[in-house]
Amino acid sequence: MEVLRVHGPCTLRGSVDVRGAKNSVLKLMAATLLAPGTSVIENVPAILDVKIMVKLLMSLGCSVDYDSDAGVVAITVPETPEVRADYKLVRAMRASISVLGSLMGRVNEAHVALPGGDAIGSRGLDLHEAGLRAMGAQVSLDHGYFIARAPQGLHGADIRLAFPSVGATENLVMAATLANGVTTIDNAAREPEIVDICSMLVAMGANIEGIGTSTLTVTGVESLHPVRHVCVGDRIVAGTWAFAAAITGGDIQINGVGGDLLPVVLDKLRSAGAQVTELEGGIHVSGPERPRPVRISTLPFPGFPTDLQPFAITLNAISDGQGLLTENLFEARWRFVRELARLGAQVELDGNHALINGVESLSGAEVEASDIRAGAGAVLAGLVADGVTEVSGVSHIDRGYEYFEDKLRSLGAKVERIEREDVELS
């Protein structure tokens, strides 16, 4: 079993580059299924999830050339892609469900295994199903597969999402691009990653209005064509490094993501005592000697991202006072709190609220990553803990952060990836 061994305490200083967003590039890759021929995506991060999506697209009949060092992936889509997304691949990554919309748009049929991914709570497919049904699809669940068919083709529909789901918005937009007629999606997600995929679809020939707003209007077209597209920078990774500076009292310049993608996050860091400077295509964060506590509620964009919740809890855990965090999106994200408590954090949970009493210092211990952000959060907590912290479940971190320990070391951290024997129960 691989673990990250972190020696604390440590102050991070230096510069770090951030490439494309995990939450965008995987959907961009899925969107290439809408057009036969070769599409190229640039600014692709070297993360495990991209490799999984490469395998998934290849299983659907695509040829894929992925250069992780250059950050470029070229996807050649056949005239008629396969329609079955196998469980062995889908179980590893929830973003695999994004092939549902592109396959329905392209060939009017998709058999997608129910997805896996991070253990952060229930995330059903009811909004995806309701939207596709409104567009004329027949939907069923059979032997663990979400099966959708539209023998007569999809048609336009007026759809209102009960919640601004990113995944449902992406799938329904992709499906609507080649549907017959006009589809309106109200209460659509507005995340920068949604804007990114819509921009790529428009470049492919799609007709989409209202990009960046809560109402998207998609007029179906006859066909789409391949495109070359540069993925938007990863605001969650940038936010991670911004919190790393604030948590460790460090000084980090983050290149590749502008402050416009993290408005609420940067405001909260300023409230915690950090000095934040927004640069052209970057952010500079200088942390305080000890952060002030902050109150945060996670909300869809432009609110505070749920993916940055573990870092906000860690910051409050070492703050000079009492902080409060309200989780409005994913209930199982509190699993991180149990691990942080092993380092000495004082957190009281009450429903979807976490009351955090700051302590002067944490102490190193063995902890486990339950998801991508919890894993990175545990590492940052280890950086401000006395002694050694070992974080298991490293594969979660690899799914969302490229060269994570290498970048930490470049900022002055003492962290290493080691092999540790797992305990066998008899």
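None of these values were measured; they are calculated from a predicted model.

Undergrad: Account for the overall build of the chain, naming residues and giving values.
TA: What the chain contains, in helices and strands, is 14 helices and 25 strands. A compact globule built from 426 residues would reach a C-alpha radius of gyration of about 22 Å, and the chain, at 22 Å, matches this within 12%. By principal-axis analysis of the C-alpha atoms, the chain measures approximately 65 × 50 × 40 Å. Looking at the chain as a whole, 56% of its 426 residues are labelled buried. Counting contacts in the chain only where the partners sit at least 6 residues apart, residues at least 24 apart contribute 73% of the total. Averaging the coordinates of the 35 positive side-chain charges in the chain and doing the same for the 52 negative ones gives two points 2 Å apart.

Undergrad: Would you mind going over empty space enclosed by the protein in detail, with residue names and values included?
TA: Under the counting rule described, the total for this entry stands at 2 cavities of 30 Å³ or more. Size it by volume and the largest cavity reaches roughly 90 Å³. In this structure, the largest cavity is lined by V18, R19, G20, P45, I47, D234, V237, W241, G400, Y401, E402 and K407. Lining the second largest cavity, in full, are R235, L261, L262, P263, V264, V265, F301, P302, G303 and P305. For the lining of the second largest cavity, the element with the most residues is helix α9 (residues 263-271), which contributes 3 residues. Considering only residue class, the lining of the second largest cavity consists of 8 nonpolar, 1 polar and 1 charged.

Undergrad: Summarise the sheet that holds strand β15 (residues 251-255); cite the residues concerned and give the values.
TA: Spatial ordering of the open sheet is given by β2-β15-β17-β16, a layout of 4 strands whose pairing is mixed. Every other strand in the sheet has two partners, leaving β2 (13-17) and β16 (275-279) as the edge strands with one partner each. Recorded for the sheet is a direction-independent mean angle of 10° between the axes of neighbouring strands. Taken strand by strand, helix α8 (residues 235-248) contacts β2, β15 and β17 (282-286), and its axis lies near 170° from that of β15. Across the face of the sheet, α9 comes into contact with β16 and β17 while running at roughly 150° to β16.

Undergrad: Would you mind going over the UniProt feature "binding site: phosphoenolpyruvate" (unreviewed entry) in the chain in detail, with residue names and values included?
TA: UniProt marks K22 and N23 with the feature "binding site: phosphoenolpyruvate" (unreviewed entry), using the numbering shown here. Turning to its location among the elements, K22 is positioned in helix α1 (residues 22-31). Those residues in contact with K22 that lie beyond four places of it in its chain are I47, D49, D234, I372, R373, R399 and G400. Topologically, N23 is positioned in helix α1. Excluding anything up to four places from it in sequence, N23 contacts E170, E193, I236, D307 and R373.

Undergrad: For the confidence of the model for the chain, give the residues involved together with the corresponding values.
TA: Low pLDDT means the predicted atomic positions in that stretch should not be read closely. Summing up the model confidence of the chain, the mean pLDDT is 93 and the portion of residues at 70 or higher is 96%. Low pLDDT, under 50, characterises residues 117-123; the stretch is placed with 25 contacts to residues that sit more than four places away or in other chains.

Undergrad: With reference to specific residues and values, describe the sheet that holds strand β4 (residues 63-67).
TA: Two pairing modes exist for strands in a sheet, parallel and antiparallel, and in both the strands are linked by backbone hydrogen bonds. Spatially, 4 strands are ordered β4-β5-β3-β14 in an open sheet, and the strand pairing comes out mixed. Across the chains shown, the open sheet's two edge strands, defined by having one partner strand only, are β4 and β14 (228-230). For this sheet, the mean angle separating the axes of adjacent strands, direction not counted, is 15°. Against the sheet, α1 makes contact with β3 (37-42), β5 (72-77) and β14, and its axis sits at roughly 170° relative to β3, the strand it touches most.

Undergrad: Describe helix α2 (residues 48-59), with residues and values.
TA: Under the 1.5 Å per step criterion, the end-to-end length of α2 is 17 Å for 12 residues, consistent within 8% with the ideal 16 Å. All of the buried residues in α2 are D49, V50, I52, M53, V54, L56 and L57. At the C-terminal side of α2, G61 shows a positive phi close to 100°.

Undergrad: Before we move on, can you summarise the layout of surface pockets with the specific residues and values?
TA: Approximately 230 Å³ is the volume found for the second largest pocket. Along the wall of the second largest pocket there are 17 residues; nearest its centre are I247, E289, I318, E360 and V384. Of the residues contributing to the lining of the second largest pocket, the split by class is 9 nonpolar, 4 polar and 4 charged.

Undergrad: Kindly report on the environment of D126, identifying the contributing residues and their values.
TA: Of note, D126 is situated in helix α5 (residues 126-134). According to the relative accessible area criterion, D126 is exposed, its value standing at 51%. A C-alpha to C-alpha distance of 42 Å links D126 and G273, two positions 147 residues apart in sequence.

Calculation rules
- Residues numbered from 1 in each chain as written.
- Predicted model: local features only at pLDDT ≥ 70, side-chain atom pairs only at ≥ 80, totals over all residues.
- Heavy atoms only, no water.
- Helix = DSSP H or I, 4+ residues; strand = E, 2+ residues; numbered from the N terminus.
- Rg over C-alpha atoms; globule rule 2.2 N^0.38 Å.
- Buried < 20%, exposed > 50% of the residue type's maximum accessible area, 1.4 Å probe, protein only.
- Contact = heavy atoms within 4.5 Å.
- Lys, Arg positive; Asp, Glu negative; His and termini not counted.
- Charge placed at Lys NZ, Arg CZ, Asp CG, Glu CD.
- 1 Å grid on protein atoms, 1.4 Å probe; cavity = no way out; pocket = protein on both sides within 12 Å on 5 of 7 lines; lining within 4 Å.
- Points joined across faces, edges and corners; volume = space filled by probe spheres on them.
- Nonpolar A, V, L, I, M, F, W, Y, C, P; charged D, E, K, R; others polar.
- Pairing = 2+ DSSP bridges.
- Axes fitted to C-alpha atoms, helices over the stretch in contact; angles between N-to-C directions.
- UniProt positions renumbered as here; feature names shortened; annotations may be inferred.
- pLDDT = per-residue confidence, 0-100.
- Expected span 1.5 Å × (residues − 1).

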